[in-house]
Structures are given as structure tokens and as C-alpha cells.
Amino acid sequence: MKKLLVTGFEPFLHFTLNPTAEVAAALDGETIGQYQIVSKVLPVEFAAAQKHIRALLIEEKPDAVIALGLAGGRSKITPERIAINVMDGPKDNSGHTPIDEVIAEDGADGYFSTLPIRAMVNRLKEAGYPAAISNTAGAYVCNLVMYTLLHETKGTIPAGFIHIPASHQLAIEEGKVPSWSQADLNAAIKLCIETLV
């Protein structure tokens, strides 16, 4: 049995909850296809998140990694195509506000996902879930985690990042944002996992 590491994030900015943590909790310990899932929740802090993801790669020795992030405002499940070597954006949960900072001095300008992102999108659409490949993971902590994953694993395992929409519960609190039921978010990520071979 292979090990799949799934990560979500804690709440951040003005969001009072993060549905990625709920997905991670729902999947933890499950077996999907050939993968036993181990889930972890990461801090929304640039330095701490990078430290955590590096430690998890060493401790868990996963055979594949899917990191999840909230894209409040997107209406589709969006596997990310590329991560860029830059940190820039609003302050994280530690109060740090990076401006044009480099993630890895010895790293490439960008790394492409090694997940089967096209197969994931096709599988989701076939099942009736809105999905599309995203060509920008931004420059916030989500991008940092994806970049670090790919920089550390160097293509040796399937690894990458998927952004998900808000849950209905979050939308009730936030107002006018597209949302999915938490059950559908969980089911959609399961379908993505099933595309891993």
C-alpha cells in the first residue's frame, strides 16, 4: 500500500474557517485506490508552512502529495499547473507581509505540477463537478507550499496543489462568494485521488 499525504490549511485573513482542513480531516486514514491517506493541516504562515511541509516529506516519506488550498471566489475545483519562486501578498497569520521575496535561492523560476491535472479535471467534469486547470497559484502561502513540495521532491513522486471553492458554511459567513457543499468538496477530492496511478 502506498502513502498519500494530503494537506489542508487553517483559517486565514478574514476567513473564519477553511474547508480544506475539513477535507483533510474527512480523508485522513481512508484508503482510495492504492493509497492510504495521511492528512495534515498546515499553518498559514510563510516560514512555518515551509518548515512543516519539509518536515512532513521527511517524516511521512509519502509516495504522492496533494496539497489543498482555499480560493474563496473561485467556483470550480482548480488543480494548479505551476508554482513560482516568489512570495508576495497580504500578511500571513504571523503578521509577515512579503514583497517580492524569493522562496528558494537555488530553485527554478517555476515548477510544474507532477499530478495528472488534466485527468483530474476530466474526471471531475465527467462526474458533474465544475473543474478547470488553473495557471496561477498566486504568490501567497498556497504557492509557497506547492513550490516547496516540487522543489524538494524534484519530480520523484506525484505532487502538486489543488484550489477549492468556499464551502456553504463559509459562504454564509462571508456573503457573496461561490460555494459548494462540504460533502461535494470531499467527494471531488476523492475523485482527484482516484486518478493517481
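Residues numbered from 1 in each chain as written. Predicted model: local features only at pLDDT ≥ 70, side-chain atom pairs only at ≥ 80, totals over all residues. Heavy atoms only, no water.

Quick look at helix H6 (residues 182-194) now. In this model, H6 (13 residues) spans 19 Å end to end at C-alpha, consistent with the 18 Å of a helix rising 1.5 Å per residue. For H6, the full list of buried residues reads Leu185, Asn186, Ala188, Ile189, Leu191, Cys192 and Ile193. (Helix = DSSP H or I, 4+ residues; strand = E, 2+ residues; numbered from the N terminus. Expected span 1.5 Å × (residues − 1). Buried < 20%, exposed > 50% of the residue type's maximum accessible area, 1.4 Å probe, protein only.)

Going through the model one piece at a time under the given rule, you end up with 5 salt bridges. Linking lysine 190 and glutamate 30 is a salt bridge whose minimum nitrogen-to-oxygen distance equals 3.4 Å. Taken together, the residues lysine 190 in helix H6 and glutamate 30 in the loop between helix H1 (19-27) and strand E2 (31-32) connect sequence positions 160 residues apart. Arginine 74 is the partner of glutamate 80 in a salt bridge, and the nearest nitrogen-oxygen pair spans 2.8 Å. Glutamate 80 sits in the buried class, given a relative accessible area of 0%. Note on arginine 74: relative accessible area 24%, which makes it partly exposed. (Salt bridge = Lys/Arg side-chain N within 4 Å of Asp/Glu carboxyl O.)

What helix H3 (residues 117-126) keeps buried is the set Ile117, Met120, Val121 and Leu124. The buried residues of H3 all sit within an arc of 95 degrees when viewed along its axis, so they share a single face. Buried residues in H3 make contact with strand E4 (64-70), strand E5 (78-79), strand E8 (159-164) and H6. Backbone geometry just downstream of H3 places glycine 128 in the positive-phi region, at approximately 90 degrees. (Arc of directions from axis to C-beta. Contact = heavy atoms within 4.5 Å.)

This part is about the side chain of serine 39. By secondary structure assignment, the location of serine 39 is in strand E3 (residues 35-42). The class of serine 39 is buried, set by a relative accessible area of 11%. Of the polar contacts made by the side chain of serine 39, one reaches the backbone oxygen of alanine 24; its length is 2.8 Å. Filtering out sequence-adjacent residues up to four positions away, serine 39 remains in contact with Val6, Ala24, Leu27 and Asp28. (Polar contact = N/O pair within 3.5 Å; in protein donor to acceptor, adjacent residues only side chain to side chain.)

Scope: geometric values only; no functional claims are made or implied.
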